[in-house]
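Residues per chain are reported as follows:
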Amino acid sequence: MFDHGQPSYADVNKDVLSTMLETGPRYWILLGTTMSIAVICFFMPWLYQLFVGIGAAGMNRNAVWGTYISNFIFWIGLSHSGTLLSAVLHITNSHWRKSIYRSAEAMTLFSLMTAALFIMVHVGRVWFVHWTFPIPNPMGLWPNFRSPLMFDVMAITTYLTASSIFIYMGSVPDFAAVRDASTGLRRRLYTIFSFGWRGTAREWHTLGWAYTFFAVFVIPLAVSVHSIVSWDFALSIVPGLHHTIFAPYFVCGAIYSGTAGIVTVMYCLRKFLGFEKYIGQVHLDNLGKLLIALSLIWSYINILELFSTWYGGTSFELEALKFRLTGFYAPLYWEMITFCAFVPLLIFFKKIRWSWNKMLVVSILINIGMLTERFIIVATSLPRKFLPDAFGFYLPSWVEISITIGSFAIFATLFLIFIKWVPAVSLYEVKETLKPLRRNT
Amino acid sequence: MSKISRRDLLQYIGAGGIGAVGGVLYGESIERPVELLVPQVVPPEDFSPGIATWYNTVCNQCSAGCGISVRIREGKAKKIEGNPVHPVSQGRLCARGQSGLNALYNPDRIRAPLTNAGQRGTGSFHPIDWDEALTTIGSRISRLKIEDDASRVRLLTGRVRGHLDELFAQFMDLLGSQHYQQYDFTNPSALLAANRISFGTEQLPYYDIKNADLLLSFGADYLGTWISPVHHGLAYGHMRQGRAARRGKTVQVEPRMSLSGAAADEWIAARPGTEGLLALGLAHVLVSDGHYSGSDRAEWSNALQAHSPSVVSAATDVPEDKILQLAREFASSKASLAIAGGATTAGTNAVASAVAVNALNQLAGNLGQPGGIIFNADQAFSTSPDAKPVGMQGILDLVAAMESGEVDVLLLHDSNPVFSLPDGVGFREAIDKVPLVVALSSFRDETTELADFVLPTNIYLESWGDDVPDPGVGFPVASISQPVVAKLYDTLSAGDIILSLARQIGGELPIQMSWGSMEEFVRERWRAEFDKRESDAAEQDFEEFWQAAIAAGVWGQPGATAGDQLVPSAASTIAAISDPVSEFAGSESEYPFVLHPFLTATFLDGRGANLPWLQELPDPMTSVVYGSWVELNPATADELGIEEGDVLEVVSTAGSVRVPALIFPAIRPGVVAMPVGQGHEAYGRYATDRGVNPIHIVAAQMDAEAGDLAWAATRVKIRNTGERMQVVKIGGVSRTLGRQILGPADGHA
Amino acid sequence: MVSTFVEKLKAYSKPGYYDEFEYHWTMTIDLDRCTGCEACVVACQAENNLPIVGEKRYARNREIKWIRIERYWEGDYPDVKMGFIPILCQHCDDAPCETVCPVFATYHNRDGLNTQVYNRCIGTRSCAIYCPYEVRYFNWFTYTWDEPLEQQLNPDVSVREKGVMEKCTFCIQRIRIAKDNAKDDDKRRVRDGEVVPACVQSCPTEAMVFGDSNDPEAEVSKKMKNERGYKVLEELNTTPSVVYLKKAHA
C-alpha cells in the first residue's frame, strides 16, 4: 500500500499534522484566491439576482428550471463519494480506503453544503424558504409532505446531519492527536473538539461500533437521497424525465461523479500537501477499477433510456429525444457521451490507470461530462413538453455561469479550510495498516 | 444619595432641556404616517370606495362603433366590457376595444396645449395656455373670415360620425369654407362606391352573416379588421353553432390567409387582383347553369359572356372544377352571401371587383333576405347632408391646394395621413407651405408633430358625443358617448374646442353655435330628434328619456326595418360589370412579388401601436410581438435560401424597407405580406422606432372610382441583406406532430 | 380509527380530495366558434393585472399571458389549414402541479378550482415543471407600469411581486363576489350566468361558456355533453375542467 516504504508512527503524525500546524504563504494566497472567486462569482451575482429577480438567470416560461437545479443535482451527486468510499468500503473491509476516506467524507459534507446553497439561489423568494420545514408557525400550516421536493428537504437534511456526525465521530481520535501535538489556544480548542479522548480500549471499542453503525446507516441513506432527488424529475410527467430508471440512473451517476471527484481531490492532496507516501498506486488502481465499473453501468443505463424511448414510441418522448440528440444542445449531449462513456474505457489500460496525471485528466473529463449530463436532462426536456406550440429554448445567462464557477470556488474554500482544521488523512486508520515495530529489532 | 452640586444641577437641566427640545424637533420632523396610509378619511362625494359603477359609452378604437360598458372604481376606469344592450357589440368586445384603457392612461398623452414656437417638425414643443392658443388661432381665422377668405381654412379629420360631424360641418359652413374632409385608411371606399352603383345607397348595408349558410368572402377579414369585427364575430359564432342542425360554411378568397381565412372551411389563394374576376366567373356559372331564373337572364348572360370558367380559371389560377363546385354550392345554399374587402377592394380594380361581388349577391337573390344583404333603415339621425370625401382623392386635392398656397390654416383632428399614406402623396412636403397648422389630438403622432399648435383632446372615455354605427344593424340605432372618468389632464374634447374657437372667431359663429359645451350640444340635438319623433315615443318626458338613454348608452328602434326592403334592380350592376383588370406598380420581371400589406387585428392601420397591451399581444396568425416581419411561402423561402430571421430588403418603385423574414405556410408563392401598423416615427414610447411601415413602399395609386388608395397594387423585389434579427414570437412548433390537441382523430375525414 | 384512516386514504384518490365539490366550475370552449381573435387574452390582462412584460423579456420567452392562443398548421400550401386553440389553466381535478408544491401554495379548493396562493409561494417553480399544459407563469422580475397605467389596475386582484408563480384563476375574484352576493340574497346558490370570467365575457363569437357543472341545468353542463367534446391531453389523466368542442367539418 505504501509506494515508498512503510513510514513509522511518528512519520505519520509528523506528515499529516504538519499540514495542519504549519501554514505557508502559498496556502493563504490560494485561500484568498478561492474566497475572492467565491465572493465575486457566486455571492455578488446572487445578490444582484436577489434584487432584480430570478430573471437575472436565463430561465423562461418553458425552462423554469435551469443550471441552478442541474448544479444542485451535480453537487448532491458529488457528495456520494464519501459515503461510498467511507461506508461501503468500511463494511467490506477494504484497507486501501484508509488514507483517503477522511478527505472523501469531507468532500461529501462540502458538496452537500454547496448543493444546499444552490437551492437557496434557485428559489424565487428565498426569505421564505424556511416554510419548507415543518416548524410550528402561527399560520398553522405544514408543508406538503406529498411533494417530491419535500422528500428532498427531508432526505438532504438527514444526509447532511448523518454525514456531519459520521465525519466528526471518525475524526475524534485525530483531534486528540492534534491536541497532543499543539499548544495554547489550539490545544484548548482541540481538547473540546476531541471530547477528552484518552484512547482507552473502551473508547476505541465504542468508536468502532458507532462508526460501523453509522456506516451501515449511511449507505441506504445515500442511495435514497439521490433516488429522491431524481424523483423531483421522475415523478413529473414531463417527457424525457418521467422514466422509472431515473433513481438507479442518478444514484449510479452520483457515485460515478463522486468517485471521479475523489481522484481529483486525491491528486491535489498529493501535490499540495505532499501525501505521496500515503496515497499511492493501490488507491489509484482501485479507484480506477471502480470508475470503470460505474462507467459501464452508466453507459448501460443510457442505452436503456434510448432503447425504451424508441420502443415506447410516443410522440412526446420521441420529440424530446430528438431534441436531445440533434437539437441545439446536441453537441453537449455528445460531449457528455464521449467523456462519460468512452473516455473512461481508457482506464482499462494500466498505462492510464497507474498514471496520476492521466487519471487526473480522465477524472476531470468525467466530472465535466456529468455536469453536462445534469444540464442536458434539464435543458433538453423542458423545452419539449406536450403542446408543440409551447416549445421553447433555454440559454443560461452570465449570472448562472458565474454562479456555477463560483460554486467550485466555494467548495475549494471549504476544503482548504478543512485541511487546516481536520487532519486530511486519518492518522489512526493509517497507523492501523502499519506493521507494528518490534521491540528488539 | 450623593450631593449634587449647583454646577452639576445646571448641567443636568441643560442637558435635559436640550434633549427635550431636540426630541420635540425630531418628533415634529417625522412625516405623519397616517397621511400616507389613509388618503381619504372623508371620501369625496362622487364615488363610494369599494363599490364599482358602470357607465355605458361608445368605443372609438375602430369605426364599428361598438357600445361599451366601463367599470369605474374610485373614479378610475378599471375594465371595459361590451355593452350588453347595444345591438352592435351585445356585451362582447374585441382586443382593441379592451385596450382603450391603455389610451386613457397612456404615459405619452398630451397633457396641455403645446406650441412649437416656429420650429415646425423639430419635435420641440413647449406648453402654453388654452386662452393664448385659442386666441391666436381664433384671431387668425377670424381675420380670414373678415377678408372673405375663409375658404383658405381647411379641416381634416378622421372618420367622424354622429353630431360631432354635424358640429364640424356647421363650423366650417358658418366660416364660409366648404373644405371639411375626412380621411381614414380603413374606410371601405370601394365598397361604398360599388354599393352606390349597384344599390343606389350611400351607407353600408347590413351583411347578415348570422343567418347565412354559405359565406363567400373575397378578401374581407370580417373577423379581424373588416368594418365591424365584434358584430361579425357574434354573427359568425351563431352561424356556425347557434342553429340546431344547421352549420354555415365559409369560404375565403385571398392570396394570404387572414384570421377569417383561418376560420374558413376553404381558403382559395387566387392570383392577387383577380378575385373580382373569380366572382364574375362564379356569376357566369350561376347564369349559364340555369341556377338563376330571373327575368333579366339574358342581360346577365350578355354581360358575363366573356367570363367563362376556363378563361377565369386561367386568369385566377383557381382550378376550373373548383369554380364550378363553388358556384353550384353558392346557388344551392339556402342563404348565400358574398362580401368583399381587404386586398380585393384595394387594387386599381377595387370598385369593379366589388361590383362583381354585388352581382353575385343579386344573382343569389339575397337582397333584403335573412342571411343576405339587408339595407339599413333610415338612420336614427342624419348629420351632414353632403357626402364628404373620405379617401385618398380628398387628400390629393388637399395636397394640391397646400402646394399651390391656397391653404392658410389647416385644422387637423384624429387623422394621420403622414403615416397611413405613401410618401409619394407628398403630404409632408405640402404641409410646409401652410402658415398655420393646428392639430386637435391626444397623442403626438407623425402628423401632429408637424403642427404649430397642438390642442390636446380628451380620449373618447372622457368625452361627450354620439354615434350612428355604420353599418347599421338593420334598424335605427344611435349610441351616446359619455365621459366615464373625470378628464385626467388639461384637455378638452374636440367638440368643446370647436365651440371655444367659434366664440373666439366671433361674428355669426357664437350666435349660431351658442352651446356652452359638447354635452349641451349633444343633448340639444337629441332633444330635437326626440321632439321629431314625439308621436312615436310613449308620452315620455325628454329628461326621463335622456337619462334612460345615457344609462343604456344606446337608443334603437328594433321594429323599424327598412320598409319592404326594396330590392334594387340589377340593371345598374349589369351595366357596371367590367373586366376587373388590376394594374400593379412595377413590372413583373423586375419586381417578381406582389406586396400584400394587411391590416392587423392588433394595430389596424397603426392607430393601436401606442397601446402597450396591443404591442404585447401576439399577432393571431404568427404570434409575433413588438415588431414587423415579411411573410414568405415556404417553397419560395427554400428556393431563395431564406430562413426565419434573415433581414430582407423589400424594394418597390416607391421605396424600400428592411424587415426580418418569417416563413408562412398559407401565402401564395408569388406574394409577400407585411403587417400594417408598426414603423411609427413618433406616437409615444410604445410605438416609436419599432418595426417598419409597409405603406411607405406602396405606390401612390388609386382606383379612380373609389377615390382611395389602391394599397394592394404594388410589386416588390426582395434581397437578402445577410443580416439577422430575432423575430420575437411566443409560438414554438406550430404543428401538432401527431398529437391529439385539436381533437381526437375522426373515424370520418 | 382504522376506518377513518382508510377513508382518508380513499379520499386521496378522489379529485381534489373532496367527496363532492360545492360548485364545480367548468368551462367549454367551442373551437368551431373560436377565431383566434385574442380578445380573451387582452380581457384577462386587463382584469387580472397582468404585467406589461416588454420586448426584451418576450424575446427570452418570459411572457405572462394566463390565456394564450396556440396555433397549429395542418397540411402544406395550397391545402393548408390553421387551427386555433385557447390554452388556459385547465383546473385539473388530478392536477400534477398540486402534489409537487412543497408549501401548499397551490391546492384544489371546494369549488373545483386549482388555486394559487401568492403569498405562500416561495418560487420553487416545480408546479410549472409538472404542468403539461405549460399554463403557469413565473414573475421573473417585479414588473412596473409606466405611470399612469397603474391607475387601471383592478383593486380586486393582487399585484404579484417577483418570485411568485401565477396562472389563470377562472377569475376567482368574480366568483367570490358572486358567492357573496348570493349569500346576501337569502343564502341561495349562485345562479347560472352570474359568474362570467373576463375571457368568457369578452369573446365575440360566444365560443366560451362557463358555469357550474354540478348544476345539470347550467348551460355549461349541456355543452359538455356535446359529441364534439374532448379534453386536451386527456390521455395524461389530469381530469381537466375545460372541455373543448372540436371544430366541425363543412
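Residues numbered from 1 in each chain as written. Chains lettered and ligands numbered in written order. Predicted model: local features only at pLDDT ≥ 70, side-chain atom pairs only at ≥ 80, totals over all residues.

Participant: With reference to specific residues and values, describe the overall build of chain A.
Facilitator: Assigned secondary structure in chain A consists of 16 helices and zero strands. Relative to the 2.2 N^0.38 estimate, which gives 22 Å for 441 residues, the radius of gyration of chain A is 23 Å and therefore close to what a compact globule would have. Referenced to the eigenvectors of the C-alpha coordinate spread, the extents of chain A come out at roughly 85 × 60 × 40 Å. Burial analysis of chain A (441 residues in total) assigns 49% to the buried set. Contacts in chain A between residues at least 24 apart in sequence constitute 81% of all its contacts with a sequence separation of at least 6. (Helix = DSSP H or I, 4+ residues; strand = E, 2+ residues; numbered from the N terminus. Rg over C-alpha atoms; globule rule 2.2 N^0.38 Å. Buried ≥ 20, exposed ≤ 12 C-beta atoms within 10 Å, placed from the backbone. Contact = placed C-beta atoms within 7 Å.)

Participant: Any details on the overall build of chain C? Residues and values, ideally.
Facilitator: Of regular secondary structure, chain C possesses eight helices and 10 strands. Since a compact globule built from 250 residues should have a radius of gyration of about 18 Å, the 19 Å found for chain C is in line with a globular shape. Projecting the C-alpha coordinates of chain C onto the three principal axes gives extents of approximately 65 × 50 × 40 Å. Of all 250 residues assigned to chain C, the portion counted as buried reaches 57%. Look at the contacts in chain C between residues 6 or more apart in sequence, and 63% of them connect residues 24 or more apart.

Participant: Pulling in residues and values, what's your account of the pairing of strand 2 (residues 68-74) of chain C?
Facilitator: Residue and element names in this part refer to chain C. Most of strand 2 is tucked away, with six of its seven residues classed as buried. Inspection of the sheet shows strand 2 paired to strand 3 (residues 81-87) by seven bridges, in the antiparallel sense. Counterpart to glutamate 74 in the pairing with strand 3 is lysine 81. Connecting strand 2 to the next strand, strand 3, in antiparallel fashion are six residues, including glycine 75 with a positive phi near 80 degrees. (Pairing = 2+ DSSP bridges.)

Participant: Help me get a handle on the sheet that holds strand 10 (residues 242-245) of chain C, residues and values and all.
Facilitator: Pairing is mixed in the open sheet, where four strands are placed in the order 8-1-10-9 (chain C). With one partner strand each, in any of the chains shown, strand 8 (208-212) and strand 9 (229-230) of chain C form the two edges of the open sheet.

Participant: Could you give an account of the nonpolar core, with specific residues and numbers?
Facilitator: The biggest cluster of nonpolar side chains holds 431 residues, and the ones touching the most others in it are Ala279, Leu282, Ala283, Val630 and Val672 of chain B together with Met208 of chain C. With 15 residues, the single largest contributor to this core is helix 9 (residues 246-273) of chain A. Here this core spans two domains, and each of domain 1 (205-374) and domain 2 (593-724) of chain B adds at least three residues to it. (Core = buried A, V, L, I, M, F, W, Y, C linked by C-beta atoms within 7 Å. Domains from an automatic or database assignment.)

Participant: Pulling in residues and values, what's your account of the interface of chain A and chain C?
Facilitator: Contacts between the two partners involve 36 residues from chain A and, on the opposite side, 36 residues from chain C. Looking at the side of chain A that touches chain C, its residues break down into 20 nonpolar, 10 polar and six charged. (Nonpolar A, V, L, I, M, F, W, Y, C, P; charged D, E, K, R; others polar.)

Participant: Tell me about the packing of helix 5 (residues 101-122) of chain A against helix 15 (residues 398-421) of chain A, and please be specific about residues and values.
Facilitator: All names here are of chain A. Running from amino to carboxyl end, helix 5 crosses helix 15 at an angle of 145 degrees, the nearest separation of the two axes being 10 Å. Once helix 5 is placed against helix 15, the crossing between them reads as right-handed. Residues Ala106, Phe110, Ser111, Met113, Thr114, Leu117, Phe118 and Val121 of helix 5 touch helix 15, and the partners they reach there are Ile403, Ser407, Ile410, Phe411, Leu414, Phe415 and Phe418. Among the residues forming the contact of helix 5 with helix 15, the class breakdown is 12 nonpolar, three polar and no charged. (Axes fitted to C-alpha atoms, helices over the stretch in contact; angles between N-to-C directions. Left-handed = near helix turned anticlockwise from the far one by under 90°.)

Participant: Go over the interface of chain C and chain B with me, naming the residues and quoting the values.
Facilitator: In this complex, chain C contributes 55 residues to the contact, which on the side of chain B involves 58 residues. In terms of residue count, helix 2 (residues 39-47) of chain C provides more of the side of chain C that touches chain B than any other element does, seven residues in total. Residues of the side of chain C that touches chain B, tallied by class, amount to 30 nonpolar, 10 polar and 15 charged.

Participant: Residue-level account of the confidence of the model for chain C, with values.
Facilitator: Per-residue confidence for chain C averages 93 on the pLDDT scale, and 97% of its residues sit at or above 70. The ipTM for the predicted assembly is 0.94, set against a pTM of 0.92. (pLDDT = per-residue confidence, 0-100.)

Participant: Lay out the sheet that holds strand 14 (residues 409-413) of chain B in plain terms, naming residues and giving numbers.
Facilitator: Residues and elements named next belong to chain B. Taking strand neighbours across the sheet as the criterion, the seven strands line up as 5-4-16-15-14-6-7 in an open arrangement whose pairing is mixed. Pairing within the sheet leaves two strands with one partner each, and these edge strands are strand 5 (126-127) and strand 7 (180-182). As judged from the two bridges shared by strand 4 (residues 114-115) and strand 16 (residues 453-456), these two strands associate in the antiparallel manner. The residue bridging threonine 115 from the neighbouring strand is phenylalanine 453, located in strand 16. The strands touched by helix 6 (residues 162-175) are strand 6 (153-157) and strand 7; relative to strand 6, the strand with the most contacts, the crossing angle is about 170 degrees.

Participant: How would you explain helix 12 (residues 330-342) of chain A if you had to name every residue and give the values?
Facilitator: Residues and elements named next belong to chain A. For helix 12, with 13 residues, the first-to-last C-alpha span of 17 Å sits near the 18 Å given by 1.5 Å per residue. Listed as buried for helix 12 are Tyr333, Met336, Phe339 and Cys340. Burial along helix 12 is one-sided: seen end-on, the buried residues are contained in an arc of 140 degrees. Residues of helix 12 that are exposed and point over 90 degrees away from its buried face: Pro331, Trp334, Thr338 and Phe342. Contacts made by the buried residues of helix 12 are with helix 10 (281-312), helix 11 (315-326) and helix 14 (356-381). (Expected span 1.5 Å × (residues − 1). Arc of directions from axis to C-beta.)

Participant: So what about unusual backbone geometry? Which residues, and what values?
Facilitator: A cis amide bond links aspartate 470 of chain B with the next residue in sequence, proline 471 of chain B, at an omega value of 10 degrees. Mapped onto the secondary structure, proline 471 of chain B falls in the loop between strand 17 (465-467) and strand 18 (477-481). Non-glycine residue phenylalanine 195 of chain A carries a positive phi angle of around 55 degrees. By the element assignment, phenylalanine 195 of chain A lies in the loop between helix 7 (184-193) and helix 8 (201-234). Non-glycine residue glutamate 134 of chain C carries a positive phi angle of around 50 degrees. Along the chain, glutamate 134 of chain C turns up in the loop between helix 5 (126-130) and strand 6 (137-138). Judged by the 23 C-beta atoms lying within 10 Å of it, glutamate 134 of chain C is buried.

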